[in-house]
Amino acid sequence: MDIPTGTLRIREKGSAGGQKGLKSIIEHVGTSEFARLRFGIGRPPGRMDPAAYVLQDFDKQDAMLVVETLDRVVKAIDTWLHYGIAMMMTRHNGSADEADRNARSVALPPTPSQDVSDS
């Protein structure tokens, strides 16, 4: 909830950041030394109960943004699998606009399975 809707926050490791589900995972795994990708949903309006906010359906505008962001999540995970977490963070952290600027400024090298002549 502390991240604006449609924003990705990717980290190599970190704390639970107040998120109970992540805290539970850290307790069960016994370490916080694992990568995480957080997907922003924004803050509840006014004095709305945070639990009610998290459990409600997205409105039409936010639902479209969520679908677009999920497409970005898939691309980010693909980058992680082929190029590592550092490249994933460099190219995909932030809002869609920030990630687009980052992706244009940082070219991906060929993957080990790609022939350089295929580019």
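For the structure, see preceding data.
No experiment lies behind these values; they were computed from the predicted model shown.

### Description of the overall build of the protein
In step 1: Helix and strand counts for the protein stand at 5 helices and 2 strands.
In step 2: When its helices and strands are written in sequence order, the protein yields β-α-β-α-α-α-α.
In step 3: Seen through its C-alpha atoms, the protein measures out along the principal axes to roughly 55 × 40 × 20 Å.
In step 4: Among the 119 residues that make up the protein, the fraction classed as buried is 26%.
In step 5: Intrachain contacts of the protein at a sequence separation of at least 6 include 57% that bridge at least 24 residues.
In step 6: Total accessible area on the protein stands at roughly 8,300 Å², and carbon and sulfur atoms take up 55% of it.
In step 7: Separation of charge centres in the protein, based on 15 positive and 16 negative side chains, amounts to 7 Å.

### Examining the layout of surface pockets
In step 1: Here the largest pocket defines a volume of roughly 530 Å³.
In step 2: Lining of the largest pocket is provided by 17 residues; of these, Met1, Gly18, Gln19, Lys20 and Arg38 occupy positions nearest its centre.
In step 3: Of all the secondary-structure elements, those providing two or more residues to the lining of the largest pocket are α1 (20-29) and β2 (36-39).
In step 4: The residue inventory of the lining of the largest pocket, partitioned by class, reads 8 nonpolar, 5 polar and 4 charged.

### Side note on the pairing of strand β1 (residues 8-11)
In step 1: Only one face of β1 is covered, namely the face carrying Leu8 and Ile10; the face carrying Arg9 and Arg11 is uncovered.
In step 2: One ladder, built from 4 bridges, connects β1 with β2; its direction is antiparallel. From the neighbouring strand, Arg9 faces β2, where its bridge partner is Arg38.

### A look at a nonpolar patch on the surface
In step 1: Side chains of Ile77, Trp80 and Leu81 sit close together on the surface and give an oily, nonpolar patch of about 310 Å² of accessible area.
In step 2: If you trace the backbone, Trp80 turns up in helix α3 (residues 60-83).

### Quick word on the side chain of Asn93
In step 1: Among the structural elements, Asn93 can be located in the loop between α4 (85-92) and α5 (96-105).
In step 2: One polar contact links the side chain of Asn93 to the main-chain amide nitrogen of Ile10, over a distance of 2.5 Å.
In step 3: Ignoring any residue separated from it by four or fewer positions in sequence, one finds Asn93 in contact with Leu8, Arg9, Ile10, Arg11, Met88, Glu98, Ala99 and Asn102.

### Looking at α3
In step 1: The end-to-end C-alpha distance of α3, which contains 24 residues, comes to 34 Å, matching closely the 34 Å that a straight helix rising 1.5 Å per residue would cover.
In step 2: Restricting attention to buried positions, one finds in α3 the residues Val66, Thr69, Arg72, Val73, Ala76 and Thr79.
In step 3: N-cap assignment for α3: the residue whose side-chain oxygen lies 3.3 Å from the backbone N of Gln61 is Asp59.
In step 4: Downstream of α3 by a residue or two, Gly84 has a phi angle that is positive, lying close to 100°.

### Digging into the packing of α4 against α5
In step 1: Look at α4 against α5: their axes get within 6 Å of each other, and the N-to-C directions meet at 120°. As summarised for this structure, α4 and α5 are arranged oblique, according to the angle between their axes. Where α4 approaches α5, its residues Thr90, Arg91 and His92 are matched on the opposing element by Ala99, Asn102 and Ala103.
In step 2: Among the residues forming the contact of α4 with α5, the class breakdown is 2 nonpolar, 3 polar and 1 charged.

Basis of the calculations
- Residues numbered from 1 in each chain as written.
- Predicted model: local features only at pLDDT ≥ 70, side-chain atom pairs only at ≥ 80, totals over all residues.
- Heavy atoms only, no water.
- Helix = DSSP H or I, 4+ residues; strand = E, 2+ residues; numbered from the N terminus.
- Buried < 20%, exposed > 50% of the residue type's maximum accessible area, 1.4 Å probe, protein only.
- Contact = heavy atoms within 4.5 Å.
- Areas by Shrake-Rupley, 256 points an atom, 1.4 Å probe, with all protein chains shown as cover.
- Lys, Arg positive; Asp, Glu negative; His and termini not counted.
- Charge placed at Lys NZ, Arg CZ, Asp CG, Glu CD.
- 1 Å grid on protein atoms, 1.4 Å probe; cavity = no way out; pocket = protein on both sides within 12 Å on 5 of 7 lines; lining within 4 Å.
- Points joined across faces, edges and corners; volume = space filled by probe spheres on them.
- Nonpolar A, V, L, I, M, F, W, Y, C, P; charged D, E, K, R; others polar.
- Pairing = 2+ DSSP bridges.
- Patch = residues over 30% accessible without salt bridge, like charges linked within 9 Å, V, L, I, M, F, W, Y side chains within 5 Å.
- Salt bridge = Lys/Arg side-chain N within 4 Å of Asp/Glu carboxyl O.
- Polar contact = N/O pair within 3.5 Å; in protein donor to acceptor, adjacent residues only side chain to side chain.
- Expected span 1.5 Å × (residues − 1).
- Axes fitted to C-alpha atoms, helices over the stretch in contact; angles between N-to-C directions.
- Parallel < 35°, antiparallel > 145°, perpendicular 65-115°, else oblique.

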